[in-house]
Amino acid sequence: MKITVINGTEVRGCTYKIKEAFLDSLRAGNTITEFYLPKDLPHFCCGCKSCFLIGEAHCPHSAFVLPIWESLLNADLLVFTSPVYALRTTGQMKSLLDHLCVRWMVHRPDDRMFKKRAVILTDAIGVFNGGAQKDIQTSLRWLGVSDVKRLGIGLLEGVYWKDLSPKRRDQIVKKARRLARRYRSFRPGRKGIKVRFLFAATRAMHQMLAPKEKTLSVDNRYWLEKGWIKL
Ligand SMILES: Cc1cc2nc3c(=O)[nH]c(=O)nc-3n(C[C@H](O)[C@H](O)[C@H](O)COP(=O)(O)O)c2cc1C
């Protein structure tokens with residue numbers, strides 16, 4: 001199985017420890033590729049819209065974005081990790097998600113994403129992990145991934161791993177390892193009802209717009225080439 005991990009922080013702290021505990025039992029026999037943000041994508045989306053209107057190779061940050069996207073496409077399991085910052089995911093994770101908008105259902109979805117399984121690992125000093133997880137899950141859904149499991153850890157005892165009691169650390173590690181058990185063997189993800197609906201709705205939109213366009217947009221050409229719409 002191929003696993004791609006997107007680390008939403010470069011800090012080798014609590015998020016890192018949780019991710020390592022999750023990957024522990026998955027290392028043997030699997031290929032794991034990891035990206036660390038912002039190191040592996042040190043730019044915000046600049047809003048040029050070249051990806052939408054000309055093609056993603058024209059993104060000024062394509063040298064960073066395309067290898068990450070290719071790795072996600074080639075993986076069977078996608079792992080996203082993030083500490084909670086201001087109740088949401090980190091800015092650097094959001095920056096990657098912004099760069100992937102061109103592959104949202106409404107633009108140029110890749111059907112390989114429909115079969116992926118994904119895991120979101122987050123941690124916060126408090127208990128509110130939902131906002132950060134939702135940031136990532138919303139993007140995953142629009143990218144076509146339905147099979148998403150989330151693990152949110154409330155650290156509670158401190159923000160540094162060394163400050164957590166051995167009992168708390170043990171509880172956290174056990175939770176991450178328990179979740180990993182589900183992914184020991186390969187199984188393709190199922191395309192859920194929400195993704196099916198988004199695809200059907202966006203297909204209807206493209207089908208309606210394409211015949212009216214004088215020059216086909218890059219998005220509509222893509223849908224046509226895929227055989228998802230007809231002229
Ligand atoms: C800028 C910043 C904002 C934070 N915002 C929150 C927050 O809104 N809620 C919360 O519970 N913890 C918050 N925290 C605490 C982090 O979630 C916590 O430090 C992190 O989970 C530790 O993981 P790390 O060691 O991988 O950085 C924040 C931390 C930072 C640095």
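## Remarks on the pattern of salt bridges
According to the stated counting rule, one finds 15 salt bridges in the structure shown. A salt bridge links Lys19 to Glu34; the nearest nitrogen and oxygen atoms lie 2.9 Å apart. Here Glu34 lies in strand E2 (residues 31-36) and Lys19 lies in helix H1 (residues 14-24), a separation of 15 residues in the sequence. Residue Lys19 is classed as buried on the basis of its relative accessible area of 0%. You can call Glu34 partly exposed: its relative accessible area is 23%. Put simply, Asp219 and Arg108 hold a salt bridge, and the shortest N to O gap is 2.7 Å. Here Asp219, found in helix H8 (residues 218-225), pairs with Arg108, found in the loop between helix H4 (91-99) and strand E4 (117-124); they are 111 residues apart in sequence, far enough to count as distant.

## Describing a nonpolar patch on the surface
Taken together, the side chains of Leu87, Val127, Phe128 and Leu156 define a hydrophobic patch exposed on the protein surface, amounting to about 460 Å² of accessible area. Assignment of secondary structure puts Leu156 in the loop between strand E5 (147-154) and helix H6 (166-181).

## So, the domain arrangement of the protein
Partitioning the protein into structural domains gives domain 1 (2-191) and domain 2 (192-231). Centre-to-centre, using C-alpha coordinates, domain 1 lies 28 Å away from domain 2. Contacts between the two partners involve 19 residues from domain 1 and, on the opposite side, 16 residues from domain 2. Taking both partners together, domain 1 and domain 2 bury about 1,500 Å²; carbon and sulfur atoms supply 62% of that area. Taken as a group, Met105, Arg141 and Lys191 account for 38% of the area that domain 1 buries against domain 2, more than any other trio of residues on that side. Viewed at the interface, domain 2 and domain 1 are joined by two salt bridges. Linking domain 1 with domain 2 are ten residue pairs in polar contact (both at pLDDT 80 or more).

## Focus on a positive patch on the surface
A cluster of basic side chains, namely Lys175, Arg178, Arg181 and Arg184, defines a positive patch on the protein surface. When you line up the elements, Lys175 lands in helix H6. Using a relative accessible area of 37% as the deciding quantity, one classes Lys175 as partly exposed.

## Thoughts on the sheet that holds E4
One open sheet holds the five strands; their spatial order is E2-E1-E3-E4-E5, and the pairing between them is parallel. On the outer flanks of this sheet lie E2 and E5, each paired with one strand and no other. Going across the sheet, the axis of each strand differs from the next one's by a mean of 15°, ignoring polarity. In this structure, strand E3 (residues 77-83) lies alongside E4, joined through seven bridges in parallel fashion.

## Focus on the site of the ligand
Around the ligand lies a shell of 14 residues, among which Cys14, Thr15, Val84, Asp123 and Gly126 are the nearest. Interatomic distance of 2.5 Å between a side-chain N/O atom of Thr15 and an oxygen atom of the ligand. In the environment of the ligand, an oxygen atom lies 2.9 Å from a nitrogen or oxygen atom belonging to the backbone of Gly126. Burial of the ligand by the protein chains amounts to 70% of its free accessible area of 630 Å². Those elements that place two or more of their residues in the shell around the ligand are H1 and E4. By residue class, the composition of the shell around the ligand is ten nonpolar, three polar and one charged.

What counts and what doesn't
Numbers given for residues are sequential positions, taken from 1 along each chain in its written order. Reporting of local features is limited, given that this is a predicted model, to residues whose pLDDT is at least 70; pairs of side-chain atoms are given and counted only at 80 or more, and all residues count toward the totals for whole chains, interfaces and linings. The side-chain figures draw on all heavy atoms in the structure; neither hydrogens nor water molecules are used. Criterion for a salt bridge: a side-chain nitrogen of Lys or Arg within 4 Å of a carboxyl oxygen of Asp or Glu. The numbering of helices and of strands both runs from the N terminus, where a helix is a DSSP run of H or I of at least 4 residues and a strand a run of E of at least 2. Here's how the labels work: a residue is buried when its accessible area is under 20% of the maximum for its type, exposed when over 50%, partly exposed in between, all with a 1.4 Å probe on protein chains only. Surface patches are defined over residues having more than 30% relative accessible area and no salt bridge, joining like charges when they lie within 9 Å and nonpolar side chains (Val, Leu, Ile, Met, Phe, Trp, Tyr) when within 5 Å. The accessible surface values rely on the Shrake-Rupley method and a 1.4 Å probe; as for residues, cover is taken only from the protein chains in view. In this document the domain limits rely on a domain assignment from an automatic tool or a database. We call two residues in contact when some of their heavy atoms are within 4.5 Å. Two parts placed together each lose some accessible area under a 1.4 Å probe, and adding up what both lose gives the buried area. Polar contact is the term for a pair of N or O atoms within 3.5 Å; when the atoms are in protein, one must be able to donate a hydrogen and the other to accept it, and sequence-neighboring residues count only if both atoms are side-chain atoms. Only four residue types enter the charge count, namely Lys and Arg as positive and Asp and Glu as negative; His and the chain termini do not. Taken as the charge centre is NZ of Lys, CZ of Arg, CG of Asp or CD of Glu, depending on the residue. Here the rule is simple: two strands pair whenever DSSP picks up at least two bridges between them. Axis angles are defined between N-to-C directions and span 0 to 180 degrees, where every axis is a line fitted to C-alpha atoms and, for a helix, only to the segment in contact. Residues are classed as near a molecule or strand on a simple rule: at least one heavy atom within 4 Å of it. By the convention adopted, Pro, Cys, Tyr, Trp, Phe, Met, Ile, Leu, Val and Ala count as nonpolar, Lys, Arg, Asp and Glu as charged, and the other residues, Gly among them, as polar.

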